[in-house]
Protein chains: 2
Amino acid sequence: MSELLPPLDRLIQQFRKLPGVGRKSAQRYVFRLLEMSDAEAAELAEAILDAKRSVRHCSVCFGLSQDEVCPVCLDEERDRTTVCVVEDVRTMLTFERVREYRGLYHVLHGAISPMTGVTPDKLKIDELVERVKAADSVIGEVILATNPTVEGETTALYITKLLRSYPNAPKITRIAYGIPVGGELEYADELTLSRALEGRRNSEG
Amino acid sequence: MSELLPPLDRLIQQFRKLPGVGRKSAQRYVFRLLEMSDAEAAELAEAILDAKRSVRHCSVCFGLSQDEVCPVCLDEERDRTTVCVVEDVRTMLTFERVREYRGLYHVLHGAISPMTGVTPDKLKIDELVERVKAADSVIGEVILATNPTVEGETTALYITKLLRSYPNAPKITRIAYGIPVGGELEYADELTLSRALEGRRNSEG
């Protein structure tokens, strides 16, 4: 055994496909796995296959779903007049965790980035336009919650122009950028500070 | 989707069984997995099952093996008179990586630790004694390479006494502890330094 056994080496290569997993972590995972019972290891493998098999994109919002349409889109309690546009499912989950937002979502699955070949047609932008323009649409506001990055801003701008070009366009808003709650102004970066100034509102009270 | 979909939640729980994987890492793994093709995900699951299925303990040294006896134990080129006793397979692999050692191994699969219920009978100590005492044994030296911890030291002491109690006991040695090569004496802890003093040898040249 001058090198690791081939099946273990193969498994290390596989684990390394996971984000942030280097050779050392992968090797630790493999050894832990060898200590597990056969049933436990099978459970992990089955959970991987099951997640891939049973989870797909919702045909309305492109979030994750086990069925054709996801629970959020089906939820009659939610405000169907508002759609929050996010770059990825993770952001959608973050919004859900806040429990403040009760509208619907639209997941773009990326942001416009010509440098890396992500053009608007690679994203779920046409599908957003269709949702908004649909004859039975009740959407009154589209909240753009793309990331405050060059790509995110470009995407927000692109969608804004696109939606505004149609008659009866809904209200299009962008979430506020500013000083994070609990953050200290002293340590704020200039861009955030200038955004916070730009977005200032009348002080209440 | 006020919470994650059940299949994804299940997979997160499974990933968390891996060492050092918390909720956040597990979630990142799950999302990467969802981005993979079905074939890629199946490859990972299959590699897990295959590793468990095809790797077992060598019946001689209790290292990892795909067959009854591992390649190291079968290797006729190796020095069959020396057995290096280690706590786990990882240590065996570390020794192999050094490529200095050409003898055989014996993996104990742990160290004596009465506090956590690891008594000598839970380790491959009886199997080591049998190997040493076997009629056809050519073992002339047993190198104890347990960890420099209370458990490792206890285990080394226990094995030493046990093997010495038999007639024709082989030479029993313990690997040297001292200042790591490249380490600075200034920063050495007291225990290591006292071990380094204890183990001093005549200066050559």
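Details of the structure are given in the entry above.
Quantities reported herein were computed from a predicted structural model and do not represent experimental measurements. (Residues numbered from 1 in each chain as written. Chains lettered and ligands numbered in written order. Predicted model: local features only at pLDDT ≥ 70, side-chain atom pairs only at ≥ 80, totals over all residues. Heavy atoms only, no water.)

**Q** It is not clear to me how the overall build of chain A should be interpreted in this structure. Could you clarify?
**A** Assigned secondary structure in chain A consists of eight helices and six strands. When the helices and strands of chain A are read in sequence order from the N terminus, they spell out α-α-α-β-β-α-β-α-β-α-β-α-β-α. Summarising its shape, the C-alpha atoms of chain A cover approximately 70 × 50 × 40 Å along the three principal directions. Out of the 205 residues belonging to chain A, those deemed buried represent 40%. Put simply, of all contacts in chain A between residues at least 6 apart along the chain, 47% involve residues at least 24 apart. With the model as given, the accessible surface of chain A reaches about 11,800 Å², and the carbon-plus-sulfur share is 51%. Computed over 27 positive and 32 negative side-chain charges, the separation of the two mean positions in chain A equals 3 Å. (Helix = DSSP H or I, 4+ residues; strand = E, 2+ residues; numbered from the N terminus. Buried < 20%, exposed > 50% of the residue type's maximum accessible area, 1.4 Å probe, protein only. Contact = heavy atoms within 4.5 Å. Areas by Shrake-Rupley, 256 points an atom, 1.4 Å probe, with all protein chains shown as cover. Lys, Arg positive; Asp, Glu negative; His and termini not counted. Charge placed at Lys NZ, Arg CZ, Asp CG, Glu CD.)

**Q** Teacher, can you tell me more about the sheet that holds strand 3 (residues 82-86) of chain A here?
**A** Residue and element names in this part refer to chain A. Spatial strand order, 4-3-5-6: four strands in an open sheet with parallel pairing. The sheet is open, and its two borders are formed by strand 4 (104-107) and strand 6 (171-174), each paired with just one other strand. Taking the axes of each pair of neighbouring strands and ignoring which way they run, one obtains an average angle of 25° across the sheet. Pairing analysis gives four bridges linking strand 5 (residues 141-144) to strand 6, with the strands arranged parallel. (Pairing = 2+ DSSP bridges. Axes fitted to C-alpha atoms, helices over the stretch in contact; angles between N-to-C directions.)

**Q** Is there a simple way to explain the sheet that holds strand 5 (residues 141-144) of chain B in this structure?
**A** Backbone hydrogen bonds hold the strands of a sheet together, and the pairing may be parallel or antiparallel. Residue and element names in this part refer to chain B. Across the sheet, four strands lie side by side as 4-3-5-6; this open sheet has parallel pairing. Where the open sheet ends on each side, the last strands, each with one partner, are strand 4 (103-107) and strand 6 (171-174). The sheet shows a mean angle of 25° between the axes of neighbouring strands, direction not considered. Where strand 3 (residues 79-86) lies against strand 4, five bridges are found, and the strand directions are parallel.

**Q** What should I look at first to understand the relation of the copies chain B and chain A in this one?
**A** What relates the two chain copies is a rotation about an axis together with a slide along it. Between chain B and chain A, which share one sequence, the superposing operator has a rotation angle of 180° and an axial displacement of 0.1 Å; the RMSD is 0.1 Å. Look at the turn and shift together and you get a two-fold axis relating the two. Closest to the rotation axis within chain B is the C-alpha of Ala45 of chain B, separated from it by 2.2 Å. Mapped onto chain A, 100% of the interface residues of chain B are again interface residues, and the two copies thus contact each other with one and the same surface. (Least-squares fit on C-alpha atoms with pLDDT ≥ 70 in both.)

**Q** What is the right way to read the pattern of salt bridges from this model?
**A** Side chains that carry opposite charge are capable of pairing whenever their charged atoms lie near each other. All chains considered together, the criterion is met by 25 salt bridges over all chains. Its salt-bridge partner being Glu96 of chain A, residue Arg78 of chain A comes within 2.8 Å of it at the nearest N-O pair. With Arg78 of chain A in the loop between helix 4 (71-74) and strand 3 and Glu96 of chain A in helix 5 (residues 89-98), the pair connects residues that are 18 residues apart, well separated along the chain. Here the two residues Arg78 of chain A and Glu96 of chain A agree in accessibility, since each one is buried. Residues Arg102 of chain B and Asp75 of chain B are paired through a salt bridge, measuring 3.8 Å at the closest nitrogen-oxygen approach. (Salt bridge = Lys/Arg side-chain N within 4 Å of Asp/Glu carboxyl O.)

**Q** Quick question: what am I supposed to make of the interface of chain B and chain A here?
**A** It is common to give the size of an interface as the accessible area that goes away when the parts come together. The partner chain A presents 54 residues to the 54 residues of chain B that form the contact. When chain B packs against chain A, the two sides together hide about 5,200 Å² of surface, and 68% of this comes from carbon and sulfur. Remark: the boundary between chain B and chain A carries eight salt bridges. We note a salt bridge from Asp38 of chain B to Lys52 of chain A, for which the minimum N-O separation is 3.9 Å. Taken together, chain B and chain A are joined by 19 residue pairs in polar contact (both at pLDDT 80 or more). The set of elements that each furnish at least two residues to the side of chain B that touches chain A consists of helix 1 (6-15), helix 2 (23-35), helix 3 (38-54), strand 2 (64-65), helix 4 (71-74) and helix 5 (89-98) of chain B. For the side of chain B that touches chain A, the leading source of residues is helix 3 of chain B, giving 14 residues. When grouped by side-chain class, the residues that make up the side of chain B that touches chain A number 31 nonpolar, eight polar and 15 charged. (Buried area = accessible area lost by both parts, 1.4 Å probe. Polar contact = N/O pair within 3.5 Å; in protein donor to acceptor, adjacent residues only side chain to side chain. Nonpolar A, V, L, I, M, F, W, Y, C, P; charged D, E, K, R; others polar.)

**Q** Whenever I open this one, the pairing of strand 4 of chain A confuses me. Can you help?
**A** Looking along a regular strand, one sees the side chains alternate between the two faces of the sheet. Residues and elements named next belong to chain A. Side-chain alternation along strand 4 places Leu104 and His106 on one buried face and Tyr105 and Val107 on a second face that is also buried. The pairing of strand 3 with strand 4 spans four bridges and is parallel. Bridging from a neighbouring strand, Val86 pairs with Val107 of strand 4.

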